[in-house]
Amino acid sequence: MDELYLADADGCDGAPAADGFFRIAAATPKIRVADVEGNARAVLACVQAAHAAGAGALVLPELCLTGYTCGDLFQNRTLVAACERALAWLLDETRELPLLFTVGLPVATGGSLYNCAAVCCAGTLLGLTVKANLPNYGEFYEQRWFEPAPQDAMLANFAGFENVPLAKSIVYRCADPGMEAVAVGVEICEDLWVAAPPSVGMALEGDATIILNPSASDEVIGKAAYRRDLVRGQSARLYCAYAYADAGEGESTTDLVFAGENLIAENGSLLARTPLMSCDMALADVDLDRLTAERRRSNTWKKPVFTSSDLAFVDFSFASAALEQGQAEAAPVPRLMRSALDIDRVFPRAPFVPADHGDLAERCEEIFSLQAAGLKTRLAHTGTKHAVIGLSGGLDSTLALLVTVRAFDALGLLREGITAVSMPGFGTTGRTKGNAQMLAEALGVDFREVPIHAAVERHFQDIGHDPAVQDVTYENSQARERTQILMDIANQSGGFVIGTGDLSELALGWATYNGDHMSMYGVNASVPKTLVRHLVRYAADAFGGDIEATLLDILDTPVSPELLPPTGEGEIAQRTEDLVGPYELHDFFLYHLLRFGFTPGKILRMAYRSFEGAYDERTIWSWLRVFYRRFFAQQFKRSCLPDGPKVGSVTLSPRGDWRMPSDASSSLWLTQIDALEPNVK
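Residues numbered from 1 in each chain as written. Predicted model: local features only at pLDDT ≥ 70, side-chain atom pairs only at ≥ 80, totals over all residues. Heavy atoms only, no water.

A.B. asks: Go over the pairing of strand S11 (residues 241-246) with me, naming the residues and quoting the values.
C.D. replies: The element S11 is extensively covered by neighbouring structure, given that six of its six residues are classed as buried. Here S11 shows no split at all, with Ala 241, Ala 243 and Ala 245 on one side and Tyr 242, Tyr 244 and Asp 246 on the other all buried. Summarising the sheet, strand S10 (residues 210-215) and S11 pair through six bridges and their orientation is parallel. Counted as the bridge partner of Asn 213 is Tyr 244 from S11. The parallel pair S10 and S11 is bridged by helix H6 (residues 223-237), and the resulting crossover is right-handed. (Buried < 20%, exposed > 50% of the residue type's maximum accessible area, 1.4 Å probe, protein only. Helix = DSSP H or I, 4+ residues; strand = E, 2+ residues; numbered from the N terminus. Pairing = 2+ DSSP bridges. Right-handed = clockwise from strand over helix to strand, strands pointing away.)

A.B. asks: Go over the environment of Cys 70, please, and point to the residues and values.
C.D. replies: Relative to the assigned elements, Cys 70 resides in the loop between strand S2 (57-59) and helix H3 (77-93). By relative accessible area, Cys 70 is classed as buried at 7%. On a C-alpha basis, the gap between Cys 70 and Ser 252 in space is 8.0 Å, while along the polypeptide they are 182 residues apart. Not counting the four nearest positions on each side in its chain, Cys 70 is found in contact with Val 33, Ala 34 and Leu 79. (Contact = heavy atoms within 4.5 Å.)

A.B. asks: Describe the nonpolar core, naming the residues involved and giving the relevant values.
C.D. replies: The biggest cluster of nonpolar side chains holds 89 residues, and the ones touching the most others in it are Leu 401, Leu 551, Phe 589, Phe 627, Tyr 628 and Phe 631. With near-sequence residues (within four places) excluded, Phe 589 lies in contact with Ile 603, Ala 607, Ile 620, Trp 623, Leu 624 and Phe 627. Among the nonpolar cores identified, the runner-up in size contains 55 residues, and Cys 64, Phe 74, Leu 87 and Phe 158 belong to it. (Core = buried A, V, L, I, M, F, W, Y, C linked by side-chain atoms within 4.5 Å.)

A.B. asks: Break down a negative patch on the surface for me, with residues and values.
C.D. replies: A surface patch of negative charge is lined by Asp 356, Asp 359, Glu 362 and Glu 366. Along the chain, Glu 362 falls in helix H8 (residues 357-382). By relative accessible area, which is 56% here, Glu 362 ends up exposed. (Patch = residues over 30% accessible without salt bridge, like charges linked within 9 Å, V, L, I, M, F, W, Y side chains within 5 Å. Areas by Shrake-Rupley, 256 points an atom, 1.4 Å probe, with all protein chains shown as cover. Salt bridge = Lys/Arg side-chain N within 4 Å of Asp/Glu carboxyl O. Lys, Arg positive; Asp, Glu negative; His and termini not counted. Charge placed at Lys NZ, Arg CZ, Asp CG, Glu CD.)

A.B. asks: Please provide a residue-by-residue account of the sheet that holds strand S22 (residues 521-522), values included.
C.D. replies: Strand order in the open sheet formed by five strands is S20-S19-S18-S21-S22, with parallel pairing between adjacent strands. The open sheet terminates on both sides in strands that have one partner only, identified here as strand S20 (446-449) and S22.

A.B. asks: Hey, could you go over the pairing of S10 for me, with residue numbers and the actual values?
C.D. replies: With six of six residues buried, S10 lies mostly within the body of the structure. The two faces of S10 match: Ile 210, Leu 212 and Pro 214 on one face and Ile 211, Asn 213 and Ser 215 on the other face are all buried. Pairing geometry for strand S9 (residues 183-186) and S10, over three bridges, is parallel. Counted as the bridge partner of Gly 185 is Ile 211 from S10.

A.B. asks: With reference to specific residues and values, describe the packing of helix H9 (residues 395-411) against helix H15 (residues 545-555).
C.D. replies: One can describe the packing of H9 onto H15 by two numbers: an axis separation of 10 Å at closest approach and a directional angle of 145°. Relative to H15, H9 is oriented so that their crossing is left-handed. From H9, Leu 395, Thr 398 and Leu 402 reach across to H15, where they touch Leu 551, Ile 554 and Leu 555. Class assignment of the residues belonging to the contact of H9 with H15 gives a composition of five nonpolar, one polar and no charged. (Axes fitted to C-alpha atoms, helices over the stretch in contact; angles between N-to-C directions. Left-handed = near helix turned anticlockwise from the far one by under 90°. Nonpolar A, V, L, I, M, F, W, Y, C, P; charged D, E, K, R; others polar.)

A.B. asks: Describe the packing of aromatic side chains, and please don't skip the residues or the numbers.
C.D. replies: Taken as a whole and assessed by the stated rule, the structure comprises 24 aromatic pairs. Taken together, a centroid distance of 5.7 Å and an interplanar angle of 55° make the contact between Phe 74 and Trp 145 tilted. Of this pair, Phe 74 sits in the loop between S2 and H3 while Trp 145 sits in the loop between strand S5 (124-130) and strand S6 (154-158); the two residues are 71 residues apart in sequence, bridging distant segments of the chain. For Phe 74, a relative accessible area of 1% gives the class buried. For the ring pair Phe 460 and Tyr 474, a centre distance of 5.8 Å and an interplane angle of 20° mean the geometry is stacked. One end of the pair, Phe 460, is in helix H11 (residues 453-463); the other, Tyr 474, is in helix H12 (residues 472-493), with 14 residues separating them in the sequence. Given a relative accessible area of 2%, Phe 460 falls into the buried group. (Phe/Tyr/Trp six-rings, centres within 6.5 Å; stacked < 30°, edge-to-face > 60°.)

A.B. asks: Give a detailed account of the confidence of the model for the protein chain, specifying residues and quantitative values.
C.D. replies: Caution is warranted with low-pLDDT regions, since their predicted coordinates should not be read in detail. Residues of the protein chain with pLDDT of at least 70 account for 93%, and the chain-wide mean is 91. Of the regions scoring below 50 in pLDDT, residues 1-8 engages in nine contacts with residues more than four places distant in sequence or in other chains. (pLDDT = per-residue confidence, 0-100.)

A.B. asks: Any chance you could break down the pattern of salt bridges for me, citing the residues and the numbers?
C.D. replies: Scanning the model with the defined rule gives 36 salt bridges in all. Of the charged contacts, one joins Arg 23 and Asp 285 as a salt bridge, the two residues approaching to 2.8 Å between their closest N and O atoms. Of this pair, Arg 23 sits in strand S1 (residues 21-27) while Asp 285 sits in strand S14 (residues 281-287); the two residues are 262 residues apart in sequence, bridging distant segments of the chain. Each member of the pair, Arg 23 together with Asp 285, is buried. For Asp 657, the salt bridge is made with Lys 646, and the minimal N-O distance between the two is 2.7 Å. Of this pair, Asp 657 sits in the loop between helix H20 (635-638) and helix H21 (667-675) while Lys 646 sits in the loop between H20 and H21, placing them 11 residues apart in sequence. Using a relative accessible area of 34% as the deciding quantity, one classes Asp 657 as partly exposed. With a relative accessible area of 46%, Lys 646 lands in the partly exposed category.

Written out as structure tokens, the structure is:
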């Protein structure tokens, strides 16, 4: 049973892993207006290039067989007939290529002429998606030549194929095993710009995860930025991948210029873009696994329920193209779903942290504001004018103090109402103690020092613990003594204790139960360690002067609970990341586990790719195992977590985003991780 599950779940049977990545392309062929045969050869070159690049789907511009700017030539039977012959030739030339691609062309059927995207794969014409919204304003005159898509889906005989679906909304669903997430919808140019794009119904009702848009959008000042926003926005609204191919070189410049900008977006992020005035191809590996997870996570995704009578479905195989119900596979299915190790995409090492420095500063300011607003509301609600913080000289307590100062300032309260307490113990160094005092004094808050040596030693006597045994009792006794001091000082002043622990520590359970685990309000509860550093650095830049110097030294201090005696040179002997692992790895694991529910294997392979050169595979694997083991084992601490503000998309509050039994078994996940152990010791 375990072997069957592992093989199905993560490719642990030795077969190449598929992590849900699917490569799509958007390209602009160089054309000549009305040169159908020459344009067909240019289209074929794009198809072959996309196949050579490993793409499984390709979108080409609107009316690319003729050129968008043919004008009244669209009504000429010679041109229209040539397009049908050219499409038949293209299908014959691509019959051995496992690639779904669009070809833009005019299609005459009955008494109507339609602006269509022929959707092709492995030599088969799967369907004809028709443009629904024909612009007839400004420079556009499409209603002069074309009819909008018929209200109901039709069947047409075209390019040698019979009963080909012709409609505005067709979802092309891959029936190959393991590729069920590949569901493609097509909408044409203006269809995206209207109030109710066809892609909405194709995604909501038809479960399309990929939308292709063959377009011919002329370039004017300011239009490119708006177009990118449209593509990004639609991909975010529909939790989909959106590929947009624009007409370019070769279109008539009598009145217009086409820039050939090709775009690929995924859930609001632009993954690929070609330069304006180029005929380049955009390529991107989209994460269909992530998109599916986002849809399942959002309970409003399927509401309200739309009903579209014209929605049609075509099932296909990349091996045998069109499939009839019950038809068996005709050939081996190509592996187009990719592993995280087999793609060109880069995964940020710090997913909680914006890569752009300008965005980072804005993000830091926003987080500070959210943290301070949460604390401000709690202070106002309780009517207290006093707060108590255990200030160690480390990153987390520093951030908590900075947030508390901001909240007090916003309420017009005196900073002297904040008591920062230094509680030196057996592992406290002069560096951290000194930094805590300098920071508190520079910020104008009340500073107190309460050594805990004697109290903890007396406690050891009371419980019969040998202080020479520096075990978990030795360490946790100090943490609980500190919390007792903070709570009692808060009682004396009618205030309450500000929690300092961060999201990364909560995930790993790196907190003493009923020690630093406990407070009246945890301002850092949803801030991961990798982001704490940036927040403190942002504050250093903002303050300048002596405060900046102190904050920079705190940033340069190794992360440590300082519960074990320092070295003979007075340096920190206990480094957290030596014990539980690098926080940059754990934050990477945490983000992709909680945000998208990825499997351990996918997270591992993504980490291999992201941290290549920083850690070897065995190191990453071993810390991933530690992460899952601790994450499950330490849930009981999170189940009774104090209140704290949510500032990001990932939190662990038992009242908010994460509800998990404290006794849930980790064996399923650990078994998968064990099966993925690297061979190199």
